[in-house]
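Chain and residue survey
Read off the chains here:
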Amino acid sequence: MHENVFALWVYLAQTPLLWLTVTVLAYCLCDRISAALKRHPLANPVLMSMILVGILVRGTGTPYVEYFNGAQFIHFLLGPATVALGIPLYQNRKLVLRAIGPMLCALAAGSGVSLLSAVFIARWLGASPAVVTSIAPKSVTTAVAMAISERMGGDPALTAVLVILTGIIGALAVTPLMNALRIRDMRARGFAAGVAAHGIGTARAFQVDLLAGTFAGIAMGLNALLTAVLVPLLF
């Protein structure tokens, strides 16, 4: 019996769609769990599915390169998914235009603090220039952050890890923090999530409120653009 299961696994491991299927199923399962727990901040489906897939990859002894080759279609979809955030933006364009002034001020403050605090803390702790460069775009969506890091001499793989960690921490903290600060305006809550926690924060904002998700998507896009300009100037 065990030999048959092992032989089946060896066969499946050689097919390119194995890890893509595993990743999608893991996220669907974790999303159902998150919904059953009423979208509690700690029940983040991205965090849970990342842990689950990590355990499977580690437990089966699968090299990361092999996993990525199988699941890279999801990586490709990051670009179209980011562009698709323009749909709710267009639907709420009048509301967005009325708040353009406060948004730009919040963007400058949030993007600047995120970038400068990460760089100066890393330098203070004695990180190498490559590591500092890799940390700088941590609050930008993964595809853009990796491109910035690679262009500036950083390590794109390290940047991707830091981006994911930043997004997960932001998604976990945003709702309790906003509640503690008594910020009820969904536009402000969503914009803060998008600036600080990019795509994962935006996904969390959409789970809470459609308007919050719309402003989070705007913040994510604008922060990516501004950070792409600020990082070369800073270095």
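Report follows, based on the coordinates. Not measured: the values here are computed from a predicted model. (Residues numbered from 1 in each chain as written. Predicted model: local features only at pLDDT ≥ 70, side-chain atom pairs only at ≥ 80, totals over all residues. Heavy atoms only, no water.)

Looking at the overall build of the chain
- Within the chain, the secondary structure is distributed over 13 helices and 0 strands.
- Ordering the α and β elements of the chain from the N terminus gives α-α-α-α-α-α-α-α-α-α-α-α-α.
- In summary, the chain has a C-alpha radius of gyration of 19 Å against a globular reference of 18 Å for 235 residues, a match within 12%.
- Burial statistics for the chain: of 235 residues in total, 36% are counted as buried.
- The long-range fraction of contacts in the chain, counting pairs at least 24 apart against all pairs at least 6 apart in sequence, stands at 65%.
- Accessible area for the chain stands at about 13,300 Å²; split by element, carbon and sulfur atoms hold 72% of it.
- If you average the places of the 15 positive and of the 7 negative side-chain charges in the chain, the two averages end up 17 Å apart. (Helix = DSSP H or I, 4+ residues; strand = E, 2+ residues; numbered from the N terminus. Rg over C-alpha atoms; globule rule 2.2 N^0.38 Å. Buried < 20%, exposed > 50% of the residue type's maximum accessible area, 1.4 Å probe, protein only. Contact = heavy atoms within 4.5 Å. Areas by Shrake-Rupley, 256 points an atom, 1.4 Å probe, with all protein chains shown as cover. Lys, Arg positive; Asp, Glu negative; His and termini not counted. Charge placed at Lys NZ, Arg CZ, Asp CG, Glu CD.)

Describing the packing of helix α8 (residues 100-124) against helix α13 (residues 210-234)
- With their axes 9 Å apart at the nearest point, α8 and α13 run at an angle of 50° to one another. In this view, α8 runs oblique relative to α13, as classed from their interaxial angle. Our pair here, α8 against α13, has a crossing hand that is right-handed. Contacts from Met103, Leu107, Ala108, Ser111, Leu115, Leu116 and Val119 in α8 reach Phe215, Ile218, Ala219, Leu222, Asn223, Leu226, Thr227, Leu230, Val231 and Leu234 in α13.
- Grouping the constituent residues of the contact of α8 with α13 by class yields 14 nonpolar, 3 polar and no charged. (Axes fitted to C-alpha atoms, helices over the stretch in contact; angles between N-to-C directions. Parallel < 35°, antiparallel > 145°, perpendicular 65-115°, else oblique. Left-handed = near helix turned anticlockwise from the far one by under 90°. Nonpolar A, V, L, I, M, F, W, Y, C, P; charged D, E, K, R; others polar.)

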